[in-house]
Amino acid sequence: MRRYLPVARQHFLAALAGTSVVVKSLSAAVLLLYLLSFGLDTAYGLGVTPGYLLPPNFWVWTLVTQGLVEERAWGLAASLATLGAAGRLLEPLWGALELLVFFAVVNISVGLLGALAYFLTYVASFHLAYLFAVRIHGGLGFLGGVLVALKQTMGDSTVLKVPQVRMKAVPMLLLLLLALLRLAALVESNVLASYGFGLLSSWVYLRFYQRHSRGRGDMSDHFAFATFFPEILQPVVGLVANLVHSILVKVKVCRKTVKRYDVGAPSSITISLPGTDPQDAERRSGLRAV
């Protein structure tokens, strides 16, 4: 094992060398907090504890810091690898500032949604451990977010040849793996919650809210919520997702987005077509250039 560590370190430093100060700073913070965890309970003070996020405590800073806290070596390696991949694959397309915004949005959402889920579990069970014994922290939420973003930008790429696995299938395959590990009691519930809410929050942000040169969000068909599921389930999932989206539009949580397609004609006429998003083509061509 030790003979592979210098090689892994060399590859990591090479990947980090081409990234911005944002990725370097986040990686340094993760490493520093990991080292501090040997002498301090960083998960308690900087991770989200559902009961302490509620009044009268309001430990709201933990929403910002929880994604940087790692206490295990495998968690540290996963967080640093995720940040390195985001810096190499997403930062050239988005820019450093947008990558930082994405990091903040995903981690804050994971903290809020995770705390809400554990609070509802407490309401159903009246078991105080769900409020005060749980620590939501680590980079798995951001890992889920990065995998969703890579599905958006390079979903048709093959990441495993035997058996053939495409990038668009990786987010849900990893979710299934973590669910099986949780059923076998090999991982804690906060691991599954962090990753799952990272998937959900990143998709909502990229689908409806991310700002870019042509407006906001990505309403292309290949990035619909149903495409995360096997084809046999997509019609049912799509029906439910469209119903939920219609309700959210009516209550003005989401807005009905109009896709715009510029036909490149001499005039300034722009045609709106459902399911067509030129932003998708831009992302793919930009990724090939990288």
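The model shown is predicted, which means the values in this text are computed figures rather than measured ones.

Cut-offs used in this document
Along each chain, residue indices are assigned from 1 in the same order as the chain's sequence is written. Given that the model is predicted, a residue must reach a pLDDT of at least 70 before its local features are reported, and side-chain atom pairs must reach 80 or more before they are shown or counted; all residues, however, enter totals for whole chains, interfaces and linings. The side-chain values count all of the structure's non-hydrogen atoms but skip hydrogen atoms and water molecules. Here a cavity means grid points, on a 1 Å grid over the protein atoms only, where a 1.4 Å probe fits yet cannot get out; a pocket means an open set of points with protein on both sides within 12 Å along at least five of seven lines; lining residues are those with an atom within 4 Å of a point. Grid points are joined across faces, edges and corners, and a volume is the space filled by probe spheres set on the points. Numbering of helices and strands runs from the N terminus; a helix is a DSSP stretch of H or I covering at least four residues, while a strand is a stretch of E covering at least two. Salt bridges are counted wherever a side-chain nitrogen of Lys or Arg sits within 4 Å of a carboxyl oxygen of Asp or Glu. Residue exposure (1.4 Å probe, protein chains only): buried if accessible area is under 20% of the type maximum, exposed if over 50%, otherwise partly exposed.

Remarks on empty space enclosed by the protein
Counted under the stated rule, the structure contains one cavity of 30 Å³ or more. Its volume calculated, the largest cavity comes out at about 50 Å³. Lining of the largest cavity is provided by Gly67, Ser79, Thr82, Leu83, Phe103, Gly139 and Phe142.

Regarding the environment of glycine 238
Looking at the element boundaries, glycine 238 is found in helix H13 (residues 234-250). For glycine 238 and phenylalanine 225, which are 13 residues apart along the polypeptide, the C-alpha to C-alpha distance reads 7.0 Å.

Quick notes on the pattern of salt bridges
If you walk through the whole model with that rule in mind, you get one salt bridge. A salt bridge links lysine 168 to aspartate 156; the nearest nitrogen and oxygen atoms lie 3.9 Å apart. Remark: aspartate 156 occurs in the loop between helix H10 (140-154) and strand E1 (158-160) and lysine 168 occurs in the loop between strand E2 (165-166) and helix H11 (170-183); sequence separation between them is twelve residues. A relative accessible area of 37% places lysine 168 in the partly exposed class. Aspartate 156 gets classed as partly exposed once you look at its relative accessible area, which sits at 44%.

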